[in-house]
Structure formats: structure tokens, C-alpha cells
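Architecture at a glance
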Amino acid sequence: MSEVEQLCIAARGAAHTMGMLPGHVRQKAIAGMVAALEDAKAGVMDANRRDLEAAATAGLTGPMLQRLTVDDKVFNYMKTRLLEVSQLPDPVGRVLEGHTNPQNLRVQKVSVPLGVVGIIYESRPNVTTDAAAVCLKSGNAVVLRGGSEAVHTNKALADAMQKAAVANGLPKAAVQYVDAVGHEAVKELLQMDKYIDVIIPRGGKGLIQSVAEGTRIPTIKHYNGVCHQYLATDAQVQRACDIVLNSKMQSVEVMWMLVSVPP
């Protein structure tokens, strides 16, 4: 049995436990990850330096290296996002809608966890913490697979979150990271339809299309994101210009930067 399959089997077992845990336990575990990340900061930064050195040697430059970099700003962002997610209302068990039928039977649509969520993403390490936190908050187990260029950083982050999860009552396998490099691990992960309930690819069009075409697992995908800015007749023109400049120049490597300003 391969390492990928072992991780997925363990995640399936953890998902059953996650679905029954009360919201306050999941909340406490995610909040505890903030301190766990701070404790692991030196190791995360060292791992990131190793990834950056390897990426530079492999010829990555400019925006690609920027996406990979974890500096103090990015590190603090990850901790803030974990805390924000922990404080969100519990999404599990919410009654979304309902009615009483003519036989006086109450019918309700109630939110429940998906089970095991597989997330495949590219080089940005903060996706590791963002994705794991959202999955855990919603009562799911998660199997993460980031880009090979960020393998050391992502593994250090996942290990810190896993440690906090266990310390606060979550099953260890609720957060799993596939650290095998190369495309074969991704291909194998996409065949784990017995254990993974949904796959979410996060990245460029090529990654998303490759994932969607390579699996029978239900896939949540977005493909193209074309961001437009429209100017209302009563808008402040200078503020609109400032927004355009900020969106195009603050971080040229992000996928949500402004693409078009229609006439």
C-alpha cells in the first residue's frame, strides 16, 4: 500500500470523528494553531529558505519566487486568518431551509460536512493554513498537496497544525499533507475516490484543467478569474484611479489582480 493511500485511509477514518465533534472543539483546535505556528516559526522560516534556494537554483525568478516567500508579513497573515476562521459561526448543523408537508412531517435542509476534502494547489504556502482551517471548521478532514517547490514550507506548516489539532481534541489524521514530490503523487491522489469525497484545485488554468480531467472524484473548480472595475457615474475618479494602480502594481503575482477596466 502506498503512502498516499495510507494517508487517505487515515483521513477517511478521521472524517467520521470530525463529523461528530461539537463546534467548540473545532474552534479551539483552529485557534490553538495560532500559537503552534508561532512556536514553529523558526522551523517554518528555515524550511522556506531551503525552498527558495532550491527554486532559485531551478531558475524561478520574480513573481514566482514572491509567491513562494514567507516573510513576517505573510506569516502574520496566516496566523490572523487562522484566528478569524476559528471565530466564525459554526457552519455545521445549520438549518438552511425547511417546511412541513401535508402529512405534518417536518422536512429540513441541514448543513453537514462533506467528509474528506482533497486540496491540490501551487506554490503559495499560505494556502496550506487557509485551506486546512476552512476544512476543519466545517467538520471535514483534509488531505493537502501543495506545489513541489514549497514542499518543505508546506510540510512544516502542516506539522504545526497537526500538532495543535491533536493537542485540542481533533484526530491526528484530520490534517494530512502529501509531501511526495513529482506528478505521480498527484495522479495517485486523484484516483482515491474510495476515500476522498471532493477535490478542490487552486491555481492556474492548467492545474485546474489537469485535475478535473484526471479524476472521477467530484471537483470544485473555477478556471478563469477575470477581474473588472466599473466606474459609476457618481464615483470619485481619483479613488478609482488609485484602486486601479493598487490592483495592478501592489502584487503583480496574485491571480485576483485587476484585468480589465471597461470603457
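As shown above, the structure is provided for reference.
Everything numeric here is computed off the predicted structure, so don't read it as measured data.

Judged by side-chain polarity, Val95, Val110 and Val112 come together as a nonpolar surface patch covering roughly 250 Å² of accessible area. Within the element layout of this structure, Val110 appears in strand β2 (residues 106–110). Overall, Val110 belongs to the partly exposed group, its relative accessible area being 36%.

To continue, consider the nonpolar core. In terms of nonpolar packing, the biggest core is built from 64 residues, with Leu37, Ile119, Leu136, Leu144, Leu170 and Ile196 touching the most fellow members. Among the elements that make up this core, the one with the highest residue count is helix α7 (residues 151–167) (eight residues). Ignoring any residue separated from it by four or fewer positions in sequence, one finds Ile119 in contact with Ala131, Cys135, Val142, Val143, Leu144, Arg145 and Ile200.

To continue, consider the pairing of strand β1 (residues 95–100). Direction of pairing for β1 relative to β2: antiparallel, over a ladder of five bridges. Within the sheet, the bridge partner assigned to His99 lies in β2 and is Val107. Hairpin connection of β1 to β2: five residues between the antiparallel strands, including Asn104 at a positive phi of 65 degrees.

Glancing now at the environment of Glu3. By the secondary structure assignment, Glu3 is in helix α1 (residues 3–18). Classification of Glu3 by relative accessible area gives partly exposed; the value is 48%.

By the definition in use, this model includes eleven salt bridges. The partner of Arg26 in a salt bridge is Asp90, with the nearest N and O atoms 3.0 Å apart. Here the residue Arg26 occupies a position in helix α2 (residues 23–39), and Asp90 occupies one in the loop between α5 (72–86) and β1, the gap between them amounting to 64 residues. Judged by relative accessible area, Arg26 falls into the buried class, the value being 2%. The salt bridge partner of Glu97 is Lys109, with a shortest N-O separation of 3.8 Å. Of the two residues, Glu97 is situated in strand β1 and Lys109 in strand β2; the sequence distance between them amounts to twelve residues. Among the charged side chains, a salt-bridge network with shared partners connects Arg81, Glu84 and Asp130.

Here four strands make up an open sheet; going across it, the order is β5-β4-β3-β6 and the pairing parallel. Here the strands that pair on one side only, and so sit at the sheet edges, are β5 (175–177) and β6 (198–202). The mean angle between the axes of side-by-side strands here comes to 20 degrees, regardless of whether they run parallel or antiparallel. Bridging between strand β3 (residues 116–121) and β6 involves five bridges; their strand directions are parallel. Along β6, the bridge assignment pairs Ile119 with Ile200. Running over the sheet, helix α9 (residues 205–213) touches β3 and β6 and is turned about 160 degrees from β6.

On to the layout of surface pockets. For the second largest pocket, the calculated volume is near 360 Å³. As for the second largest pocket, its lining consists of 17 residues, and the residues nearest its centre are Ile120, Arg145, His183, Val186 and Leu207. Listed by contribution, the elements that provide at least two residues to the lining of the second largest pocket are β3, α8 (183–189) and α9. Of the residues contributing to the lining of the second largest pocket, the split by class is six nonpolar, seven polar and four charged.

With respect to the helices and strands, Arg145 occurs in strand β4 (residues 141–145). Buried charge Arg145 goes without a salt bridge, the closest partner of opposite sign being Glu149 at 7.0 Å. Other than its neighbours up to four places away in sequence, Arg145 contacts Ile119, Ile120, Tyr121, Tyr177, Val178, Ala180, Val181, Gly182, Ala185, Val186 and Leu189.

What follows deals with the environment of Tyr77. Among the secondary structure elements, Tyr77 is positioned in helix α5. Note on Tyr77: relative accessible area 36%, which makes it partly exposed. Tyr77 sits 53 residues away from Asp130 along the chain, and the two C-alpha atoms are 9.9 Å apart. Apart from residues no more than four positions distant in its own chain, Tyr77 is found in contact with Asn126 and Asp130.

So, about the state of the cysteines. Applying the stated rule across the entire model yields zero disulfides. Free of any disulfide, Cys135 has its nearest cysteine sulfur in Cys8, 13 Å distant.

Cut-offs and rules
- Residues numbered from 1 in each chain as written.
- Predicted model: local features only at pLDDT ≥ 70, side-chain atom pairs only at ≥ 80, totals over all residues.
- Heavy atoms only, no water.
- Patch = residues over 30% accessible without salt bridge, like charges linked within 9 Å, V, L, I, M, F, W, Y side chains within 5 Å.
- Areas by Shrake-Rupley, 256 points an atom, 1.4 Å probe, with all protein chains shown as cover.
- Salt bridge = Lys/Arg side-chain N within 4 Å of Asp/Glu carboxyl O.
- Helix = DSSP H or I, 4+ residues; strand = E, 2+ residues; numbered from the N terminus.
- Buried < 20%, exposed > 50% of the residue type's maximum accessible area, 1.4 Å probe, protein only.
- Core = buried A, V, L, I, M, F, W, Y, C linked by side-chain atoms within 4.5 Å.
- Contact = heavy atoms within 4.5 Å.
- Pairing = 2+ DSSP bridges.
- Axes fitted to C-alpha atoms, helices over the stretch in contact; angles between N-to-C directions.
- 1 Å grid on protein atoms, 1.4 Å probe; cavity = no way out; pocket = protein on both sides within 12 Å on 5 of 7 lines; lining within 4 Å.
- Points joined across faces, edges and corners; volume = space filled by probe spheres on them.
- Nonpolar A, V, L, I, M, F, W, Y, C, P; charged D, E, K, R; others polar.
- Lys, Arg positive; Asp, Glu negative; His and termini not counted.
- Disulfide = S-S within 2.5 Å.

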